[in-house]
Amino acid sequence: MAAFSVFAPAKVNLALHVLGRRDDGYHDLDSLVAFADVGDWLHFTPSSQFAITAEGPFAAALPHASGNIIAKAWDAVSVIAAQRGVALSPVAVHLVKNLPVSSGIGGGSANAAAAIKGFLKIAGIAERDPEIMAAALAIGADVPVCLTGRACRMRGVGEVITPIDHFAPHHALLVNPLVEVSTPQVFGALGLARGERFGAVIGDERDAAFWRNDLAAPAIRLAPVIGDVLRRLGTAPGVTRAFMSGSGATCVALCEEKADPGRFDLEASWWRAPATLC
(Lines give C-alpha, C1' and ligand atoms only; values in the text may rest on other atoms or scores of the structure.)
Protein backbone atom coordinates (compact mmCIF):
# COMPACT_ATOMS: atom_id res chain seq x y z
CA MET A 1 0.00 0.00 0.00
CA ALA A 2 1.03 3.59 -0.57
CA ALA A 3 1.00 6.07 2.30
CA PHE A 4 -2.16 8.15 2.59
CA SER A 5 -3.90 10.56 4.99
CA VAL A 6 -7.43 10.99 6.36
CA PHE A 7 -8.83 14.22 7.81
CA ALA A 8 -10.69 14.01 11.15
CA PRO A 9 -12.90 17.13 11.30
CA ALA A 10 -14.25 18.66 14.50
CA LYS A 11 -17.87 17.70 15.18
CA VAL A 12 -20.18 20.48 16.35
CA ASN A 13 -23.53 19.84 18.01
CA LEU A 14 -25.72 22.69 16.76
CA ALA A 15 -28.41 21.31 19.04
CA LEU A 16 -28.33 18.59 21.67
CA HIS A 17 -31.68 17.77 23.25
CA VAL A 18 -31.73 15.19 26.03
CA LEU A 19 -35.09 13.43 25.79
CA GLY A 20 -34.62 11.34 28.90
CA ARG A 21 -32.69 8.53 30.53
CA ARG A 22 -33.40 4.98 29.50
CA ASP A 23 -33.84 2.01 31.80
CA ASP A 24 -30.38 0.75 30.76
CA GLY A 25 -28.79 3.98 31.99
CA TYR A 26 -28.05 5.51 28.60
CA HIS A 27 -29.62 8.81 27.53
CA ASP A 28 -31.90 9.29 24.53
CA LEU A 29 -30.76 12.25 22.43
CA ASP A 30 -31.96 14.34 19.52
CA SER A 31 -29.07 16.27 18.04
CA LEU A 32 -28.10 18.28 14.98
CA VAL A 33 -24.48 17.74 13.99
CA ALA A 34 -22.28 19.62 11.54
CA PHE A 35 -18.58 19.32 10.79
CA ALA A 36 -15.89 21.99 10.71
CA ASP A 37 -13.04 22.49 8.29
CA VAL A 38 -10.61 22.35 11.23
CA GLY A 39 -9.54 19.11 12.85
CA ASP A 40 -6.89 16.44 13.26
CA TRP A 41 -5.04 14.44 10.62
CA LEU A 42 -4.21 10.74 10.53
CA HIS A 43 -1.33 9.63 8.32
CA PHE A 44 -1.11 5.93 7.39
CA THR A 45 2.23 4.37 6.40
CA PRO A 46 3.09 0.71 5.65
CA SER A 47 4.80 -0.94 8.62
CA SER A 48 5.89 -4.35 9.90
CA GLN A 49 3.55 -3.94 12.88
CA PHE A 50 0.65 -1.78 14.01
CA ALA A 51 1.84 1.37 15.77
CA ILE A 52 0.52 4.78 16.79
CA THR A 53 2.54 7.96 17.13
CA ALA A 54 1.35 11.50 17.66
CA GLU A 55 2.40 15.10 17.47
CA GLY A 56 0.67 18.46 17.67
CA PRO A 57 -0.40 20.93 20.36
CA PHE A 58 -2.60 18.41 22.20
CA ALA A 59 -0.68 15.17 21.61
CA ALA A 60 0.65 15.06 25.17
CA ALA A 61 -2.90 14.76 26.55
CA LEU A 62 -3.65 11.54 24.65
CA PRO A 63 -3.84 8.17 26.46
CA HIS A 64 -1.21 5.49 25.87
CA ALA A 65 -1.57 3.34 22.77
CA SER A 66 -3.29 0.49 24.60
CA GLY A 67 -6.15 2.81 25.63
CA ASN A 68 -6.14 4.98 22.54
CA ILE A 69 -9.38 5.11 20.57
CA ILE A 70 -7.39 4.54 17.36
CA ALA A 71 -6.21 1.22 18.80
CA LYS A 72 -9.84 0.32 19.54
CA ALA A 73 -10.70 1.11 15.91
CA TRP A 74 -7.84 -1.15 14.78
CA ASP A 75 -9.14 -4.01 16.92
CA ALA A 76 -12.69 -3.57 15.62
CA VAL A 77 -11.71 -3.51 11.94
CA SER A 78 -9.29 -6.41 12.47
CA VAL A 79 -12.20 -8.56 13.67
CA ILE A 80 -14.42 -7.52 10.76
CA ALA A 81 -11.64 -8.14 8.23
CA ALA A 82 -10.91 -11.59 9.66
CA GLN A 83 -14.60 -12.53 9.56
CA ARG A 84 -14.75 -11.52 5.90
CA GLY A 85 -11.56 -13.31 4.96
CA VAL A 86 -9.65 -10.20 3.89
CA ALA A 87 -6.22 -9.03 4.99
CA LEU A 88 -5.65 -5.98 7.15
CA SER A 89 -1.98 -5.25 6.65
CA PRO A 90 -0.01 -3.74 9.56
CA VAL A 91 0.22 0.03 9.44
CA ALA A 92 1.82 2.89 11.34
CA VAL A 93 -0.68 5.61 12.19
CA HIS A 94 0.67 9.09 12.89
CA LEU A 95 -1.85 11.44 14.47
CA VAL A 96 -1.50 15.20 14.23
CA LYS A 97 -3.57 16.29 17.22
CA ASN A 98 -4.81 19.84 16.62
CA LEU A 99 -8.08 19.64 18.62
CA PRO A 100 -8.30 19.83 22.42
CA VAL A 101 -9.17 16.56 24.16
CA SER A 102 -12.40 16.08 26.16
CA SER A 103 -13.72 19.19 24.47
CA GLY A 104 -17.22 18.40 23.16
CA ILE A 105 -16.24 18.55 19.50
CA GLY A 106 -15.68 14.85 18.97
CA GLY A 107 -11.90 14.88 18.71
CA GLY A 108 -11.53 11.29 19.87
CA SER A 109 -14.61 10.12 17.99
CA ALA A 110 -13.41 11.87 14.83
CA ASN A 111 -10.03 10.17 15.23
CA ALA A 112 -11.71 6.78 15.61
CA ALA A 113 -13.88 7.40 12.54
CA ALA A 114 -10.89 8.51 10.47
CA ALA A 115 -8.97 5.45 11.65
CA ILE A 116 -11.86 3.16 10.68
CA LYS A 117 -11.93 4.76 7.22
CA GLY A 118 -8.20 4.23 6.84
CA PHE A 119 -8.24 0.63 8.05
CA LEU A 120 -11.21 -0.24 5.83
CA LYS A 121 -9.33 1.22 2.86
CA ILE A 122 -6.31 -0.93 3.67
CA ALA A 123 -8.52 -4.03 3.96
CA GLY A 124 -10.29 -3.19 0.69
CA ILE A 125 -13.73 -2.93 2.35
CA ALA A 126 -15.62 -0.21 0.52
CA GLU A 127 -19.13 -0.25 1.98
CA ARG A 128 -19.93 1.01 5.47
CA ASP A 129 -22.64 -1.50 6.21
CA PRO A 130 -24.67 -1.98 9.42
CA GLU A 131 -22.02 -4.28 10.93
CA ILE A 132 -19.38 -1.59 10.53
CA MET A 133 -21.67 1.10 11.94
CA ALA A 134 -22.46 -1.15 14.93
CA ALA A 135 -18.74 -1.63 15.54
CA ALA A 136 -18.28 2.13 15.39
CA LEU A 137 -21.09 2.64 17.93
CA ALA A 138 -19.44 0.12 20.28
CA ILE A 139 -16.32 2.31 20.29
CA GLY A 140 -18.24 5.49 21.11
CA ALA A 141 -21.66 7.08 20.69
CA ASP A 142 -20.35 9.82 18.37
CA VAL A 143 -18.21 7.57 16.18
CA PRO A 144 -21.00 6.59 13.72
CA VAL A 145 -21.96 10.19 13.00
CA CYS A 146 -18.29 11.09 12.58
CA LEU A 147 -17.98 8.16 10.19
CA THR A 148 -20.89 9.65 8.21
CA GLY A 149 -19.00 12.95 8.12
CA ARG A 150 -21.73 15.31 6.96
CA ALA A 151 -24.50 17.42 8.50
CA CYS A 152 -26.91 15.01 10.18
CA ARG A 153 -29.67 14.60 12.69
CA MET A 154 -28.57 12.06 15.28
CA ARG A 155 -31.03 10.30 17.57
CA GLY A 156 -31.18 7.48 20.08
CA VAL A 157 -27.79 7.05 21.73
CA GLY A 158 -26.13 7.92 18.44
CA GLU A 159 -27.20 5.03 16.23
CA VAL A 160 -30.07 6.69 14.30
CA ILE A 161 -28.48 9.03 11.77
CA THR A 162 -30.32 10.97 9.08
CA PRO A 163 -28.31 13.20 6.70
CA ILE A 164 -29.62 16.76 6.31
CA ASP A 165 -29.86 17.68 2.64
CA HIS A 166 -29.08 21.20 1.43
CA PHE A 167 -27.49 22.20 4.75
CA ALA A 168 -26.36 25.83 4.53
CA PRO A 169 -22.72 26.34 5.64
CA HIS A 170 -22.16 28.58 8.67
CA HIS A 171 -19.23 30.84 9.54
CA ALA A 172 -18.18 30.07 13.09
CA LEU A 173 -15.58 30.58 15.78
CA LEU A 174 -14.75 27.65 18.07
CA VAL A 175 -13.42 28.58 21.52
CA ASN A 176 -12.27 26.31 24.32
CA PRO A 177 -11.02 27.66 27.67
CA LEU A 178 -8.82 24.55 27.96
CA VAL A 179 -10.65 22.94 30.83
CA GLU A 180 -11.48 19.26 30.44
CA VAL A 181 -15.09 18.35 31.14
CA SER A 182 -16.01 14.72 31.74
CA THR A 183 -18.98 13.63 29.64
CA PRO A 184 -20.21 11.11 32.26
CA GLN A 185 -19.99 13.80 34.95
CA VAL A 186 -22.00 16.26 32.83
CA PHE A 187 -24.73 13.70 32.18
CA GLY A 188 -24.61 12.79 35.86
CA ALA A 189 -25.05 16.44 36.84
CA LEU A 190 -28.21 16.50 34.75
CA GLY A 191 -29.57 14.29 37.52
CA LEU A 192 -32.00 12.08 35.62
CA ALA A 193 -33.21 8.81 37.14
CA ARG A 194 -33.50 5.69 34.97
CA GLY A 195 -36.70 5.88 32.97
CA GLU A 196 -37.13 9.62 33.62
CA ARG A 197 -38.13 11.80 30.66
CA PHE A 198 -36.70 15.28 30.21
CA GLY A 199 -36.85 17.53 27.14
CA ALA A 200 -38.73 17.72 23.86
CA VAL A 201 -37.44 16.78 20.42
CA ILE A 202 -36.06 19.38 18.02
CA GLY A 203 -39.06 21.26 16.64
CA ASP A 204 -37.47 22.48 13.40
CA GLU A 205 -34.05 21.29 12.32
CA ARG A 206 -33.59 24.32 10.07
CA ASP A 207 -34.55 27.03 12.57
CA ALA A 208 -32.03 27.86 15.31
CA ALA A 209 -34.85 29.23 17.47
CA PHE A 210 -35.80 25.60 18.14
CA TRP A 211 -32.26 24.49 19.06
CA ARG A 212 -30.79 24.13 22.54
CA ASN A 213 -28.09 22.19 24.36
CA ASP A 214 -29.51 20.55 27.47
CA LEU A 215 -25.99 19.75 28.72
CA ALA A 216 -24.91 23.39 28.88
CA ALA A 217 -26.36 24.14 32.32
CA PRO A 218 -24.82 21.11 34.09
CA ALA A 219 -21.50 21.69 32.28
CA ILE A 220 -21.44 25.32 33.47
CA ARG A 221 -22.09 24.17 37.03
CA LEU A 222 -19.05 21.91 36.76
CA ALA A 223 -16.88 24.46 34.90
CA PRO A 224 -18.22 28.03 35.33
CA VAL A 225 -15.69 29.39 32.83
CA ILE A 226 -17.91 27.93 30.07
CA GLY A 227 -20.57 30.50 31.02
CA ASP A 228 -17.95 33.25 30.74
CA VAL A 229 -16.98 32.08 27.24
CA LEU A 230 -20.63 32.03 26.15
CA ARG A 231 -21.25 35.55 27.49
CA ARG A 232 -18.24 36.93 25.67
CA LEU A 233 -19.14 35.22 22.40
CA GLY A 234 -22.82 36.14 22.63
CA THR A 235 -22.14 39.86 23.03
CA ALA A 236 -19.63 40.11 20.18
CA PRO A 237 -20.67 42.09 17.07
CA GLY A 238 -21.87 39.97 14.16
CA VAL A 239 -22.63 36.88 16.26
CA THR A 240 -26.04 35.41 15.54
CA ARG A 241 -25.90 32.63 18.14
CA ALA A 242 -23.49 31.42 20.83
CA PHE A 243 -23.78 27.93 22.30
CA MET A 244 -21.83 25.04 23.79
CA SER A 245 -21.09 21.96 21.70
CA GLY A 246 -21.60 18.47 23.07
CA SER A 247 -20.80 18.14 26.75
CA GLY A 248 -18.29 21.01 26.59
CA ALA A 249 -16.16 22.84 27.11
CA THR A 250 -15.91 24.08 23.51
CA CYS A 251 -18.26 26.95 22.72
CA VAL A 252 -19.30 28.11 19.28
CA ALA A 253 -20.22 31.49 17.85
CA LEU A 254 -22.17 31.50 14.60
CA CYS A 255 -21.16 34.61 12.69
CA GLU A 256 -22.60 36.69 9.89
CA GLU A 257 -19.25 36.62 8.10
CA LYS A 258 -15.90 34.86 8.39
CA ALA A 259 -14.83 35.02 12.03
CA ASP A 260 -11.81 37.12 13.01
CA PRO A 261 -10.67 35.94 16.48
CA GLY A 262 -8.97 39.29 17.05
CA ARG A 263 -12.38 41.00 17.21
CA PHE A 264 -13.50 38.87 20.16
CA ASP A 265 -12.86 39.49 23.86
CA LEU A 266 -11.02 36.25 24.58
CA GLU A 267 -8.36 35.26 27.08
CA ALA A 268 -4.98 34.72 25.47
CA SER A 269 -4.76 31.21 26.94
CA TRP A 270 -8.01 30.02 25.34
CA TRP A 271 -7.89 27.86 22.23
CA ARG A 272 -9.76 29.35 19.29
CA ALA A 273 -10.28 28.38 15.65
CA PRO A 274 -12.23 30.14 12.89
CA ALA A 275 -14.19 27.56 10.93
CA THR A 276 -16.87 26.88 8.37
CA LEU A 277 -19.50 24.37 9.45
CA CYS A 278 -21.05 22.19 6.79
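Above this text you will find the structure in question.
All figures in this text were calculated on a predicted structure; none of them were measured in a lab. (Residues numbered from 1 in each chain as written. Predicted model: local features only at pLDDT ≥ 70, side-chain atom pairs only at ≥ 80, totals over all residues. Heavy atoms only, no water.)

How do you make sense of the environment of Val96 when you look at a structure like this?
Secondary-structure assignment places Val96 in strand E4 (residues 91-96). Between the C-alpha atoms of Val96 and Ile69, which are 27 residues apart in sequence, the distance is 14 Å. Once you skip the residues sitting within four places of it in the chain, Val96 turns out to touch Asp40, Trp41, His43 and Glu55. (Helix = DSSP H or I, 4+ residues; strand = E, 2+ residues; numbered from the N terminus. Contact = heavy atoms within 4.5 Å.)

Would you mind going over helix H1 (residues 69-83) with me for this structure?
Because each turn of an α-helix spans 3.6 residues, side chains separated by three or four positions end up pointing in the same direction. For H1, with 15 residues, the first-to-last C-alpha span of 21 Å sits near the 21 Å given by 1.5 Å per residue. Taken residue by residue, H1 has Ile70, Ala71, Ala73, Trp74, Ala76, Val77, Ile80 and Ala81 as its buried positions. Looking at the buried positions of H1, the neighbouring elements they touch are strand E2 (27-46), strand E3 (51-55), E4, helix H2 (107-123) and helix H3 (130-139). Where H1 terminates, the next one or two residues include Gly85, which has phi positive at roughly 70°. (Expected span 1.5 Å × (residues − 1). Buried < 20%, exposed > 50% of the residue type's maximum accessible area, 1.4 Å probe, protein only.)

Is there a simple way to think about the side chain of Asn213 in this case?
Mapped onto the fold, Asn213 is located in the loop between helix H5 (183-190) and helix H6 (216-222). The class for Asn213 is buried, based on a relative accessible area of 14%. For Asn213, the side chain forms a polar contact with the main-chain nitrogen of Leu215, separated by 2.8 Å. Looking at Asn213, its side chain comes within polar contact range of the main-chain oxygen of Gly246, at 3.0 Å. Ignoring any residue separated from it by four or fewer positions in sequence, one finds Asn213 in contact with Leu16, Met244, Ser245 and Gly246. (Polar contact = N/O pair within 3.5 Å; in protein donor to acceptor, adjacent residues only side chain to side chain.)

Nothing here speaks to function; it is all geometry.
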